[in-house]
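# Structural overview
Spelled out, the chains give:
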Amino acid sequence: MKVYVDFDRTLFDCEKFLGDLYTLINKYGIDKSLFKECQNQCIKDGFNPYTILDLVKKEHQFDDKLYEDIDNLIKKTNEYLFSDAITFLKYLKDHNYEVILLTKGNISYQNDKVHYANIESYYDKLIVTMQHKGELDLDYQGVFVDDNPHEIKSILKRKVTKVIYLKRENAKYNKIPVDGKVTTVKSLQEIIDKKEL
Ligand SMILES: [Mg+2]
């Protein structure tokens, strides 16, 4: 059985990571609103701090050492995995599921984040895409684990085996209702405990 596992906010604590990224940017005197403004200008390519900072630089000079500091922060993505992420991936591996890490976002930035998370031994395949998850050329016969209601909506348009909607406490999207047949859990640990797979 294939299990499609999302990365951002499923395995990876984006809010904690972005908090540290914004702190770093702020240390270099860059206003968060300018950063956001530049982010909106290049949103079609997905979030990538390097591309955004190249735009920021046209408005506000900063020390290039910031790029190096961001490199170093991205190299620590393994420190930003949720506490149940590795347990869950190990569980999948131990139970012989075919694990496909499926992440939507800027191709280069997502690849880097996943790479430095050091979880390569737990998945069989990595797919990084800018498309919605229901619009891919995939074998949709499998279980999808995702936190993002917009992506779940897209996945539900396909004939899938099961969709697990991960609604972590205080998570970004957990107030958005999802129409359709999904199994809702509050943590990855709950998937193991309740034998949802
Ligand atoms: Mg996500």
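Scroll up for the structure.
Basis of the calculations
Residues numbered from 1 in each chain as written. Predicted model: local features only at pLDDT ≥ 70, side-chain atom pairs only at ≥ 80, totals over all residues. Core = buried A, V, L, I, M, F, W, Y, C linked by C-beta atoms within 7 Å. Buried ≥ 20, exposed ≤ 12 C-beta atoms within 10 Å, placed from the backbone. Contact = placed C-beta atoms within 7 Å. Pairing = 2+ DSSP bridges. Helix = DSSP H or I, 4+ residues; strand = E, 2+ residues; numbered from the N terminus. Axes fitted to C-alpha atoms, helices over the stretch in contact; angles between N-to-C directions.

Now for the nonpolar core. By size, the foremost hydrophobic cluster in this structure holds 30 residues, and its most contacted members are Val 5, Val 145 and Ile 164. Val 5 has contacts with Thr 10, Leu 11, Val 99, Leu 101, Leu 102 and Val 145, leaving out every residue within four places of it along the chain. If you look at the next biggest cluster of nonpolar residues, it comprises seven residues, including Ile 30, Phe 35, Ile 52 and Leu 53.

Ordered by their spatial adjacency, six strands build an open sheet running 3-2-1-4-5-6, and the pairing between neighbours is parallel. Both edges of this open sheet fall to strand 3 (125-129) and strand 6 (183-185), since each of them pairs with a single strand only. Direction aside, the axes of adjacent strands within the sheet are offset by 20 degrees on average. Helix-sheet contacts for helix 6 (residues 107-116) involve strand 2 (98-104) and strand 3, and the interaxial angle to strand 3 is about 150 degrees.

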